[in-house]
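Structural features, examined
Spelled out, the chains give:
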Amino acid sequence: MTEKTHNIVVTSIDARPTMSNPASLEEGKGEVQHVEHHSSQPRLLSDMIIGFSDGLTVPFALTAGISSLGSTKLVVMSGLAELFSGAISMGLGGYLGNKSEIEFYRRERHREQMEVDLFPEKEKEEIYDIFAEYEIEREACRGVVESLARRKELWVDFMMKFELELMKPEDSRVWVSAVTIGLSYMISGIFPMIPYFIMKDATKALFVSIGITAFMLLVFGVAKSYMVATSRRQIVVGAIETLIVGAAAAGVSYGMVRGLDHATNL
C-alpha cells in the first residue's frame, strides 16, 4: 500500500469522515490530515488470488475423487504429488506469462522509439490527440508537448503509457509472480488434505474435507473482497460468490474424477 499525506487548513470538523459523509464543516479553523490509501501491488494480489483459488479447488477435487477407493494413504500420496506438481506448474505459468509481457513491452517500446525518431511531428500530433480526450485545448498543452519533445526518453515513456496504455513491467516480476502463485497454490491446497492425514476412514475424511474447503473458500472470499471492496455488503457478496464459484469448480472436477473412476470399473 502507498500513502500520500496532505495537510489542509479548513473549518473545524463537526463529524468524523465516513464513506457517505467525508466531513461536515462549521465555522472555526483547524487542520485536516488527508491520507490517500492506494494499493501499489495489484498484480501481487492477482497472483495470490490465482494461486489460492486453484489450490482450494483442484487438490480437493482430486483427493475427493480418489477417496472413493477407500484408502487414505493413496489419497495422501496422490494429493501430495498433485500439490507439488501443480505448484510448480502454476509457478512456471506465472514466470512464462510475465516474461512474455516484459518481452512484449520491450518490443513495443523499441517500435515507439523508432516512430519518435522517424516521425516526430506525427507523434506530437498524437500527444495533442491524447490531451484532447481530456478536453484540454491545444494551446494549453503546447508547452507540455514541446517539453516532452526535447526529452525523447520521457517522450517515449509518455507514449507507452498514454497512447499504448502499457505500463513498464518490473524485471523482478517474473520471479515474484512465480513464487507468489506457486506458494499460494501449495499453502491453500494443503487444507483440503488435512483430514486424510489424521483420519483412517476415507469417507469420513471426505466430509471433513468438504467442510474445511467450504470454510476456507469463505475466508478467502472475505480476505479477497476486503482488499478491493468499498462497503461491507460487497465483502459479503464477494465471499458468497467465491464460495459458490469454488464449490461449483470443485464439484465439477470431483464429478469428472468419479465418472472416470466409474467408467474404468465397467
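Now for a look at the structure at hand. (Residues numbered from 1 in each chain as written. Predicted model: local features only at pLDDT ≥ 70, side-chain atom pairs only at ≥ 80, totals over all residues. Heavy atoms only, no water.)

Between its terminal C-alpha atoms helix 8 (residues 202-228) stretches 38 Å, which fits the 39 Å expected from 27 residues at 1.5 Å a residue. Regarding helix 8, the residues found buried are Ala 202, Ala 205, Leu 206, Ser 209, Thr 213, Met 216, Leu 217, Phe 220, Gly 221, Lys 224 and Ser 225. Capping the start of helix 8, Asp 201 holds a side-chain oxygen 2.9 Å from the backbone nitrogen of Thr 203, two or three residues further along. (Helix = DSSP H or I, 4+ residues; strand = E, 2+ residues; numbered from the N terminus. Expected span 1.5 Å × (residues − 1). Buried < 20%, exposed > 50% of the residue type's maximum accessible area, 1.4 Å probe, protein only. Polar contact = N/O pair within 3.5 Å; in protein donor to acceptor, adjacent residues only side chain to side chain.)

Running from N to C, helix 3 (residues 120-132) and helix 4 (residues 138-149) point in directions that differ by 135°, and their axes come no closer than 10 Å. What the angle tells us is that helix 3 and helix 4 run oblique. Once helix 3 is placed against helix 4, the crossing between them reads as right-handed. Of helix 4, the residues touching helix 3 (which contributes Lys 124, Glu 125, Ile 127, Tyr 128 and Phe 131) are Arg 138, Cys 141, Arg 142, Val 144, Val 145, Glu 146, Leu 148 and Ala 149. Residue classes in the contact of helix 3 with helix 4 are distributed as eight nonpolar, no polar and five charged. (Axes fitted to C-alpha atoms, helices over the stretch in contact; angles between N-to-C directions. Parallel < 35°, antiparallel > 145°, perpendicular 65-115°, else oblique. Left-handed = near helix turned anticlockwise from the far one by under 90°. Contact = heavy atoms within 4.5 Å. Nonpolar A, V, L, I, M, F, W, Y, C, P; charged D, E, K, R; others polar.)

So, on to the packing of aromatic side chains. Counting across every chain of the model gives four aromatic pairs. Measuring from ring centre to ring centre gives 5.0 Å for Tyr 95 and Trp 175, while their planes differ by 50°; the resulting arrangement is tilted. Of the two residues, Tyr 95 sits in helix 2 (residues 72-118) while Trp 175 sits in helix 6 (residues 173-190), which places them 80 residues apart along the sequence. Taking relative accessible area as the criterion, Tyr 95 reaches 21% and is therefore assigned partly exposed. A residue is classified by how much of its surface remains accessible, and Trp 175, at 56% relative accessible area, is exposed. Grouped by ring-pair contacts, the aromatic residues Phe 131, Phe 158 and Phe 162 constitute a single cluster. Arg 138 extends its terminal NZ or CZ atom over the ring of Tyr 128, reaching a point 3.9 Å from the ring centre. (Phe/Tyr/Trp six-rings, centres within 6.5 Å; stacked < 30°, edge-to-face > 60°. Lys NZ or Arg CZ within 6 Å of the ring centre and 35° of its normal.)

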